[in-house]
Amino acid sequence: MSQSISAQSSGHGHDHGHDQGELKVLGFWIFLVTDCLLFSTFFGAFAVLRGHTDGGFTAHDFDVTGFILETFILLISSFTSGLAVISMHKGKKNSLIGWLIVTVLLGASFVGLEINEFANMAEEGATISRSAFLTSFFSLVGLHGAHVSFGIMWMIGLIIQLAQRGITSVTKNKISIISLYWHFLDAVWIFIFTVVYLMGVM
């Protein structure tokens, strides 16, 4: 009788943990939807204000080499985050941690290049308050950069958890979520690359 009760308790505990995992994934998808709306608002503002340069810095003045390099690095980081998920499903803890570290380093390089781009623009007098165009540009690109920075810190926290606890159902769920988040940021950047940079210099 006691064994039956114990088995039932264990089953309920497993179901409860499974339900929690599903709720977290659902919550994450809701977050992504709201984030899509947020980025859409910033894209809309940029589309309206892109011609309001006040005779200063314009989209034609963007450093082509810089934003192409940023795009290349972020695309590679999306690929390495996918390799991390593959390693997770194969149960390869060290490989998983290794690919996450590579992804973090690539993400940090992207943020570093973006900060350098902003600093160079500021030296030329192209600051966020110079024109409506620059306000919308710094707001949109800076918002994405802030998301990438948050993702980097989140990933570092997961690397520490993996080193301490290994691959468990909990860490698997977290890795799957951070991977989706990273791919989402990559998709948003493709839009920024196309709408802000590529269409701007053309």
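Residues numbered from 1 in each chain as written. Predicted model: local features only at pLDDT ≥ 70, side-chain atom pairs only at ≥ 80, totals over all residues. Heavy atoms only, no water.

Draft legend 1. Geometry of the overall build of the protein. Secondary structure summary: the protein contains five helices and zero strands in total. Relative to its full complement of 202 residues, the protein shows a buried share of 39%. Accessible surface, the protein: about 10,800 Å² in total, of which carbon and sulfur atoms supply 68%. (Helix = DSSP H or I, 4+ residues; strand = E, 2+ residues; numbered from the N terminus. Buried < 20%, exposed > 50% of the residue type's maximum accessible area, 1.4 Å probe, protein only. Areas by Shrake-Rupley, 256 points an atom, 1.4 Å probe, with all protein chains shown as cover.)

Draft legend 2. Expanded view of unusual backbone geometry. Positive phi is not limited to glycine here, since Asp 54 has a value of about 55°. Inspection of the secondary structure puts Asp 54 in the loop between helix 1 (2-49) and helix 2 (64-89).

Draft legend 3. Just the packing of aromatic side chains, in detail. Under the definition given, this model contains 22 aromatic pairs. Put simply, the rings of Phe 46, Phe 57, Phe 62, Phe 67, Phe 110, Phe 118, Phe 133, Phe 137, Phe 138, Trp 189, Phe 193 and Tyr 197 pair up and form one aromatic cluster. (Phe/Tyr/Trp six-rings, centres within 6.5 Å; stacked < 30°, edge-to-face > 60°.)

Draft legend 4. Seen up close, the packing of helix 2 against helix 3 (residues 93-123). Running from N to C, helix 2 and helix 3 cross one another at 165°; their axes reach a closest spacing of 8 Å. With respect to their mutual orientation, helix 2 and helix 3 come out roughly antiparallel. For the element pair helix 2 and helix 3, the recorded crossing hand is left-handed. On helix 3, the residues that touch Leu 69, Glu 70, Ile 73, Leu 74, Ile 76, Ser 77, Thr 80, Ser 81, Leu 83, Ala 84, Ser 87 and Met 88 of helix 2 are Ser 95, Leu 96, Trp 99, Leu 100, Val 102, Thr 103, Leu 106, Ser 109, Phe 110, Leu 113, Glu 114 and Glu 117. Here the residues of the contact of helix 2 with helix 3 are counted per class, giving 14 nonpolar, seven polar and three charged. (Axes fitted to C-alpha atoms, helices over the stretch in contact; angles between N-to-C directions. Parallel < 35°, antiparallel > 145°, perpendicular 65-115°, else oblique. Left-handed = near helix turned anticlockwise from the far one by under 90°. Contact = heavy atoms within 4.5 Å. Nonpolar A, V, L, I, M, F, W, Y, C, P; charged D, E, K, R; others polar.)

Draft legend 5. Local environment of the nonpolar core. In this structure, Phe 62, Phe 137, Ile 175, Ile 192 and Tyr 197 are the most contacted members of the largest nonpolar core, which totals 50 residues. Secondary structure elements with two or more residues in this core: helix 1, helix 2, helix 3, helix 4 (132-165) and helix 5 (169-201). Ignoring any residue separated from it by four or fewer positions in sequence, one finds Phe 62 in contact with Phe 57, Phe 67, Glu 117, Met 121, Phe 133, Phe 137, Val 196, Tyr 197 and Val 201. (Core = buried A, V, L, I, M, F, W, Y, C linked by side-chain atoms within 4.5 Å.)

Draft legend 6. View of the confidence of the model for the protein. Overall, the prediction assigns the protein a mean pLDDT of 89, with 90% of residues at 70 or greater. Low confidence marks residues 2-10, where pLDDT is under 50. Its contacts with residues over four positions away, or in another chain, come to zero contacts. (pLDDT = per-residue confidence, 0-100.)

Draft legend 7. Layout of helix 2. With 26 residues, helix 2 should reach 38 Å at 1.5 Å per residue; the first-to-last C-alpha distance of 38 Å fits that figure. Downstream of helix 2 by one or two residues, Gly 91 has phi in the positive range, about 75°. (Expected span 1.5 Å × (residues − 1).)

Draft legend 8. Helix 5, seen in detail. Taking 1.5 Å of rise per residue, the 33 residues of helix 5 would be expected to cover 48 Å, and the 47 Å separating its terminal C-alpha atoms lies within 8% of that figure. The sharpest bend along helix 5 comes to roughly 30°, located at Phe 193. (Bend = angle between axes of the 7 residues up to and from the residue.)

Draft legend 9. Region of the structure containing the pattern of salt bridges. The tally for this structure, following the rule as stated, stands at one salt bridge. A salt bridge links Asp 54 to Arg 130; its shortest N-O distance comes to 3.1 Å. Of this pair, Asp 54 sits in the loop between helix 1 and helix 2 while Arg 130 sits in the loop between helix 3 and helix 4; the two residues are 76 residues apart in sequence, bridging distant segments of the chain. Residue classification places Asp 54 among the exposed positions, given a relative accessible area of 59%. (Salt bridge = Lys/Arg side-chain N within 4 Å of Asp/Glu carboxyl O.)

Draft legend 10. Summary view of a nonpolar patch on the surface. Nonpolar side chains collect at one region of the surface, where Leu 23, Leu 26 and Ile 30 lie side by side and expose about 310 Å² of accessible area between them. On the secondary structure map, Ile 30 appears in helix 1. (Patch = residues over 30% accessible without salt bridge, like charges linked within 9 Å, V, L, I, M, F, W, Y side chains within 5 Å.)

Draft legend 11. Quick peek at the packing of helix 3 against helix 5. At a closest axis distance of 13 Å, the pairing of helix 3 and helix 5 adopts a crossing angle of 30°. In this view, helix 3 runs roughly parallel relative to helix 5, as classed from their interaxial angle. Between helix 3 and helix 5 lies a crossing of left-handed hand. Along its contact with helix 3, which presents Leu 96, Leu 100, Thr 103, Gly 107, Phe 110, Glu 114 and Glu 117, the element helix 5 presents Ile 175, Trp 182, Trp 189 and Tyr 197. Across the contact of helix 3 with helix 5, the residue classes tally to seven nonpolar, two polar and two charged.

Draft legend 12. Molecular detail of the environment of Met 199. Structurally, Met 199 can be placed in helix 5. Leave out the neighbours within four places in its chain, and Met 199 touches Arg 50 and Thr 194.

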